[in-house]
Amino acid sequence: MAVPVPLGTEDRTARLTLRHRDRWQREESAQADLRVSGDDVVLTVRSRPSDRSIGDESSGLLDRLPGSVDGLLLVGCDVWTEAGAPARLVEYVRPDEGGDVAGAHLLFVTGRHRVDLTIERPLARLLETDDVVFAVLESVRATEPTPSRPARELEPLPDPAPAPGLTGPRISAAARGTLRSLAGRRWNPTLLRSAAGRELIEAGLVGRLGTLPDSTQTLLAPWEGDAQPVTLEQHLPDGRESRLQAWGDTVVDGTDDAVVASLSPERVVALLAGRLGVGPSWTFPFRTGSLRADLLGRRLTPGTDAPDLPTAVAEADPRLARFWAAPWTVSHLRRPGAARPVTIVRADGHGFARVGRTEAGETVFATDSPANVYRSIVRAVLV
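Since the structure is predicted, the reported quantities are computational estimates derived from the model, not experimental observations.

Q: Let's hear about the sheet that holds strand S12 (residues 230-235): which residues, and what values?
A: Strand order in the open sheet formed by ten strands is S11-S15-S14-S13-S12-S17-S18-S19-S20-S16, with antiparallel pairing between adjacent strands. Each edge of the open sheet is held by one strand with a lone partner, namely strand S11 (170-171) and strand S16 (290-292). When S12 meets strand S13 (residues 241-247), the two strands line up antiparallel, connected through six bridges. Its bridge partner being in S13, His-235 is matched across the sheet by Glu-241. Packing against the sheet, helix H10 (residues 370-382) makes contact with S12, strand S17 (328-334), strand S18 (342-347), strand S19 (351-359) and strand S20 (362-368), and its axis sits at approximately 65° to S19.

Q: Which residues make up helix H4 (residues 195-202), and what values go with them?
A: Listed in full, the buried residues belonging to H4 are Ala-196, Gly-197, Leu-200 and Ile-201. Projected down its long axis, H4 carries its buried residues within an arc of 145°, all on one side. Turned more than 90 degrees away from the buried face of H4, the exposed residues are Ala-195 and Glu-202. Against the buried residues of H4 lie S11 and helix H3 (173-181). Downstream of H4 by a residue or two, Gly-204 has a phi angle that is positive, lying close to 80°.

Q: Could you give an account of the side chain of Asp-100, naming the residues involved and the relevant values?
A: Along the chain, the position of Asp-100 falls in the loop between strand S7 (87-94) and strand S8 (101-109). In terms of polar contacts, Asp-100 uses its side chain to reach the side chain of Arg-267, at 2.9 Å.

Q: I'd like a description of the packing of aromatic side chains, backed by residues and values.
A: What the rule picks out here adds up to seven aromatic pairs. Their ring planes at 75° and their centres at 5.6 Å tell us that Trp-223 and Trp-247 sit as a pair that is edge-to-face. Of this pair, Trp-223 sits in the loop between helix H5 (214-220) and S12 while Trp-247 is found in strand S13, placing the two residues 24 residues apart along the sequence. Residue Trp-247 is classed as buried on the basis of its relative accessible area of 6%.

Q: Which residues make up H3, and what values go with them?
A: Every buried residue of H3 is listed here: Ala-175, Arg-176, Thr-178 and Leu-179. Angular distribution of buried residues about the axis of H3 spans 160°; they occupy a single face of the element. Looking at the packing, one finds that the buried side of H3 touches S11, H4, H5, S13, strand S14 (250-254) and strand S15 (258-262).

Reading the values: rules and limits
Residues numbered from 1 in each chain as written. Predicted model: local features only at pLDDT ≥ 70, side-chain atom pairs only at ≥ 80, totals over all residues. Heavy atoms only, no water. Pairing = 2+ DSSP bridges. Helix = DSSP H or I, 4+ residues; strand = E, 2+ residues; numbered from the N terminus. Contact = heavy atoms within 4.5 Å. Axes fitted to C-alpha atoms, helices over the stretch in contact; angles between N-to-C directions. Buried < 20%, exposed > 50% of the residue type's maximum accessible area, 1.4 Å probe, protein only. Arc of directions from axis to C-beta. Polar contact = N/O pair within 3.5 Å; in protein donor to acceptor, adjacent residues only side chain to side chain. Phe/Tyr/Trp six-rings, centres within 6.5 Å; stacked < 30°, edge-to-face > 60°.

Written out as structure tokens, the structure reads:
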């Protein structure tokens, strides 16, 4: 059970009130209605006249955000009901010189004004600051009267950004094993005469006289010792399988022939998010909380005919039925020290679901938000 976060100070602008920690400091800003900072968190409020609907304002925000900063990733978009006005919570991650920054952008409309509240903090502190950030967001209340409007359908959301590519030499499993054997050791000249050694030379990973370039030494450093990788294994709707492993900064993408490259942990997070298809999608819970373990197991197993959902379950839970019928990408995210992988299903056009524990022949199967999937990646790579 979550422990309540004490928020002792109330701040207000002409459009909202909110609460935050006493030690957070208010800053003067000519470009904002309110700016408060503390604990590596920066909170900013801006408002402007607008009579547009929340759907129109949200669509405009989602269209503009990716182009505002090169490499910005939209992590999720959710309907927000706490503010007392039509609202959306948009989460994003943007590159920054000092390290990636995680942002939560609360947008609400009153019929006369649009209000934007952003809370940013270092991506490396995303999980440890989540409780206080969401406590602040849940304290926000619109103070301007908001006329009631008839409900409308939710606005369409943009497709996830294409997964970033991985650039580096592609080598065989034998060459990769030879390369890894060099970690913490001197080059063995006899390897120059092996097929794997010649492949490493042709790939530029080893000099023709057995020297190791600085870039190769950087690749080898995380392989010294017995460190275990973060691994993402995926089964795609067309039957293909993929595997990506990351030992700290060293990434191997593939099984037989594979690309080998060096990336910062934050870029590894971005790469995994792209592979999983993280991006804005509406998340609505299934009415059904679990399924027969054998039935779900067959649906998750590649190369087998997908079983039909039992008629009674499909009729009682149309949202689950639509999710079940869509093409699936099944992903297993494994992190060192964890007893079992995180298993995530992405159904084309229907968002994400997470596979939970099995008890008494029933396996938990529940919808999951893309922002929560992203947090699983952060937990695996950065924590």
